[in-house]
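Notes for the structure review
Here is what each chain is made of, one letter per residue.
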Amino acid sequence: MIKLTHVSHVFAGRQGEVHALDDITLEVRRNELVTLVGRSGCGKSTMLRMVAGLLRPSSGTVTVAGEPVGKPRQDVSFMFQRAALLPWRTVLDNVLLPVEILRLDRAAKRRRAHELLELVGLAGFEKRLPHELSGGMQQRASLCRSLIQDPLVLLMDEPFSALDALTREELSIELQRIRMEREMTIVFVTHSIEEAVLLADRVAVLSPRPGRLRKIIDVDIPRPRTLGRNAYADRVAEVSAELHELLMPAPMAPEGAG
Amino acid sequence: MTAVPRTRRIGSRATRRLVDWGLPVIALVVLVALWWLATIVFSIEQFLVPAPDDVIEAFIGQSGFLLEQTWVTLLETVQGFAVAVVVGISTAMSIAGSRLLEKMIYPLLLAVNAVPKIAIAPILVVWLGFGPFPKIVMVFLLCFFPIVISTATGLKSTPAELTELVRSYDASRLQVFVKVRFPYALPQVMVGLKTAISLAVIGAVIAEFVGADAGLGFVIVQSGASADTPLAFAAMALLGVISIVLFYGLNALEKVILPWAEENR
Ligand SMILES: Nc1ncnc2c1ncn2[C@@H]1O[C@H](COP(=O)(O)OP(=O)(O)OP(=O)(O)O)[C@@H](O)[C@H]1O
Ligand SMILES: [Mg+2]
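None of these values were measured; they are calculated from a predicted model. (Residues numbered from 1 in each chain as written. Chains lettered and ligands numbered in written order. Predicted model: local features only at pLDDT ≥ 70, side-chain atom pairs only at ≥ 80, totals over all residues. Heavy atoms only, no water.)

Looking at the overall build of chain A
What counts here: Only runs of H or I of at least four residues qualify as helices and only runs of E of at least two qualify as strands under DSSP, and these elements are numbered from the N terminus. C-alpha atoms define the radius of gyration, and 2.2 Å times the number of residues to the power 0.38 defines the globule rule. Note on exposure labels: buried denotes an accessible area under 20% of the residue type's maximum, exposed denotes more than 50%, and partly exposed covers the range between, all computed with a 1.4 Å probe on protein chains only. When checking whether two residues touch, look at their non-hydrogen atoms; a contact exists if any pair is within 4.5 Å. Residue-level accessible areas treat just the shown protein chains as cover; the underlying method is Shrake-Rupley with a 1.4 Å probe. We score Asp and Glu as negative and Lys and Arg as positive, and we do not count His or the chain ends. Positions of charges follow a simple convention, taking NZ of Lys, CZ of Arg, CG of Asp or CD of Glu.
Regarding its fold elements, chain A presents eight helices and ten strands. Here the C-alpha atoms of chain A give a radius of gyration of 19 Å, agreeing with the 18 Å that 2.2 N^0.38 yields for 258 residues. For chain A, the spread of C-alpha atoms along the principal axes amounts to about 65 × 45 × 35 Å. Put simply, chain A has 258 residues, and 52% of those count as buried. For chain A, long-range pairs separated by at least 24 residues make up 69% of all intrachain contacts whose partners lie at least 6 apart in sequence. Only carbon and sulfur atoms are counted for the fraction: they give 51% of the accessible area of chain A, which is about 12300 Å². Averaged over its 35 positive side-chain charges, chain A has a centre that lies 5 Å from the centre of its 33 negative ones.

Shown next as structure tokens:
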């Protein structure tokens, strides 16, 4: 569904060039959920923005559904770390923003919006303004907005990281439920190892400066998964431990000439 | 005195309204009482500082005339302000929309704004005569700058995440502007309008001082010449009323059309 081939990116920063991504080759299969982990600044957001068509790679190619990505596509939607709701619009109107911009069928999408809001537990809050909602509720509304165009691909850049642990887990479970209702290819950036393991079919680990693909781990744990007590605790612990090792910097060993 | 914070904390709608209106009224009453007291205690001459009752007497005595002059000044003020809103907001849009235009227009604007407006007033009379036009132009000149600056600032302050969001839908420039940038700038626009409206009345009066045959500024000049200070004070009070009404009018408008603004800034 998503294919990155030898993708590199160099930002022309103010203090010289920043090599954000280096020779990334990654394929995300249809209806797969890949979580992207890596230390801050290793190029995760940059990668997502390329898939979204918000940024062109310096070299290499990015394709979605077999077509090279030139500009943002209607069937790819992006969810940000901040809810990014328009403060003057009600929850419902915020969810319908893409419908207006993309000129989709309003009546049908209105019904869909109510459905989605119901699904994430925001029924009854349609007419509220964003500042009347808690952070978790705002992020739920934002999730509904990114689902309203029925995307094939959902790109999520640390969508739950500004939330408290419990809300975050609730939303992760909701995301899994939504995925059962409707198939979608998802790339999910997170800093949380727990979240990565809970959600992923595969976890892609990036290493920083320049951003390289360090390792891809298959998470073959049956669904639905929860963070609490479960029958696969051993396997979860194993994967988490592996991720932890990959993400923590190795003790400063001399790397020799290289 | 101690009762005031308590009512505010209880904060039911009615009490809050009472506080909002009551406190300024109390302040006004106290001020007028002090003024009255001062004129009596120091036995100040009426033609220097008239007592409040002299002013009220002057107002009642010539209320028809004064209200007519108030209307003249109000009209000049509102017309000049309206022109400034239209021209100012469009100018701000072009500044915010294009780097090139910004670089061209901005320094010019700053230079024009640096010219003391009073210096232009006599020239405006020469150009446009004694009618309402030079007043409207003067009001416009004073209002224009704050409106442009704050609108342009508002238009340029769209948060990056909102811009990214609409870009991810491949929105056109027009859509971005209409759906995000402009509404986001509105609270900032209102700041500019409120600054401008207070200047607007000043602009009208300056222009009337220089050359006019009607308006409250004209009344003040005339009564100064004939040492009719109570009438001048009555005219000044009316100017104050105009300013306050216009300002609070804008405030009320803001509350109605931008209910979200207060909580987000
Ligand atoms: N517009 C830009 N101009 C210059 N450098 C940039 C720009 N955007 C990102 N970078 C640099 O590219 C690198 C990767 O940034 P990116 O935002 O993709 O990291 P990230 O993995 O998402 O980090 P985080 O986990 O903190 O969100 C960083 O070193 C950053 O400083
Ligand atoms: Mg990031």
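Points about the environment of leucine 4 of chain A
Residue and element names in this part refer to chain A. Its location among the elements puts leucine 4 in strand E1 (residues 2–13). Separated by 148 residues in sequence, leucine 4 and leucine 152 place their C-alpha atoms 17 Å apart. With sequence-adjacent residues up to four places away left out, leucine 4 is seen in contact with Ile24, Thr25, Leu26, Met47, Val51, Thr61 and Val62.

A short note on the packing of helix H4 (residues 63–97) of chain B against helix H9 (residues 173–210) of chain B
Residue and element names in this part refer to chain B. Put simply, the rule is: Axes here refer to lines fitted to C-alpha atoms; in helices the fit is confined to the stretch in contact. Angles between the N-to-C directions go from 0 to 180 degrees. Crossings are classed by handedness, with left-handed meaning an anticlockwise turn of the near helix from the far one by less than a right angle and right-handed meaning a clockwise turn. Gly falls in the polar group here, along with every residue not listed as nonpolar (Ala, Val, Leu, Ile, Met, Phe, Trp, Tyr, Cys, Pro) or charged (Asp, Glu, Lys, Arg).
The contact between H4 and H9 brings their axes to 8 Å, and the two run at 145°. Crossing handedness for the pair H4 and H9: right-handed. Contact residues: H4 offers Thr73, Glu76, Thr77, Phe81, Val85, Ile89, Met93, Ala96 and Gly97, while H9 offers Arg173, Phe177, Arg181, Phe182, Val189, Leu193, Ala196, Ile197, Ala200, Val201, Ala204 and Glu208. In terms of residue class, the contact of H4 with H9 is made up of 14 nonpolar, three polar and four charged.

Digging into the pattern of salt bridges
Residue and element names in this part refer to chain A. To keep things clear, this is the line we draw: Should a side-chain nitrogen of Lys or Arg be within 4 Å of a carboxyl oxygen of Asp or Glu, the pair is scored as a salt bridge.
Evaluated as defined, the whole model comprises 24 salt bridges over all chains. Ionic pairing is found between glutamate 195 and arginine 168, a salt bridge with its closest N-O pair at 3.1 Å. One end of the pair, glutamate 195, is in helix H7 (residues 193–199); the other, arginine 168, is in helix H6 (residues 165–181), with 27 residues separating them in the sequence. Assigned by exposure class, glutamate 195 and arginine 168 land together as buried. Notably, a salt bridge pairs arginine 179 with aspartate 201, separated by 3.7 Å at the nearest N-O pair. Pair noted here: arginine 179 is in helix H6 and aspartate 201 is in the loop between H7 and strand E9 (202–207), with a separation of 22 residues, a long-range link. Under the relative-accessibility criterion, aspartate 201 is labelled partly exposed at 22%. Via salt bridges that share partners, Lys109, Arg112, Glu115, Asp150, Glu181 and Arg182 belong to a single interconnected network.

A closer look at the packing of aromatic side chains
In this description, a pair of aromatic rings is defined by centroid distance and the angle of the planes. Stated precisely, the cut-off is as follows: Only the six-membered ring of Trp is used, alongside the rings of Phe and Tyr, when aromatic pairs are assigned; centres must lie within 6.5 Å, and planes under 30 degrees apart are stacked while those over 60 apart are edge-to-face, with the rest tilted.
Under the defined criterion, the tally for this structure stands at eight aromatic pairs over all chains. Ring geometry for tryptophan 88 of chain A and tyrosine 184 of chain B: centres 6.3 Å apart, planes at 65°, overall edge-to-face. Here tyrosine 184 of chain B lies in helix H9 and tryptophan 88 of chain A lies in the loop between strand E6 (76–79) and helix H2 (91–95), a pairing that spans two chains. Residue tyrosine 184 of chain B is classed as buried on the basis of its relative accessible area, which comes to 17%. Taken together, a centroid distance of 6.0 Å and an interplanar angle of 35° make the contact between tryptophan 35 of chain B and phenylalanine 233 of chain B tilted. With a gap of 198 residues between them, tryptophan 35 of chain B in helix H2 (residues 13–41) and phenylalanine 233 of chain B in helix H11 (residues 229–257) connect regions that are remote in the sequence. Using a relative accessible area of 24% as the deciding quantity, one classes phenylalanine 233 of chain B as partly exposed. Among the aromatic residues, ring-to-ring pairing joins Trp88 of chain A together with Tyr184 and Trp260 of chain B into one connected group.

Concerning the interface of chain B and chain A
Quick note on the threshold: What gets called buried area is simply the loss in accessible area from a 1.4 Å probe that two parts show on being joined, summed for both. Two N or O atoms count as a polar contact when they lie within 3.5 Å, although within protein this holds only if one can serve as hydrogen donor and the other as acceptor, and sequence-adjacent residues are included solely when both atoms are side-chain atoms.
Each side of the interface is counted separately: chain B has 19 residues, and chain A has 24 residues. Taken together, both faces of the contact between chain B and chain A bury some 2100 Å²; the carbon and sulfur share is 65%. Viewed at the interface, chain A and chain B are joined by four salt bridges. Note that lysine 179 of chain B and glutamate 100 of chain A form a salt bridge whose closest N and O atoms lie 2.9 Å from each other. Our count for the contact surface shared by chain B and chain A stands at six residue pairs in polar contact (both at pLDDT 80 or more). Only helix H8 (160–167), H9 and helix H12 (261–264) of chain B provide two or more residues apiece to the side of chain B that touches chain A. Looking at the side of chain B that touches chain A element by element, the count peaks at six residues for H8 of chain B. By residue class, the composition of the side of chain B that touches chain A is ten nonpolar, three polar and six charged.

Examining the domain arrangement of chain B
Residue and element names in this part refer to chain B. The condition is simple: What marks off one domain from the next here is an automatic or database domain assignment.
One can read the domain layout of chain B as domain 1 (7–44) and domain 2 (47–264). In this structure, domain 1 and domain 2 have C-alpha centres spaced 28 Å apart. Counting from both sides, the interface comprises five residues of domain 1 and, opposite them, eight residues of domain 2. Each partner contributes to the roughly 550 Å² buried at the junction of domain 1 and domain 2, and carbon and sulfur atoms together form 83% of this total. Together, Trp35, Trp36 and Ile44 form the three largest contributors to the area buried by domain 1 at its contact with domain 2, with a combined 82%. Joining domain 1 to domain 2, the criterion identifies zero salt bridges.

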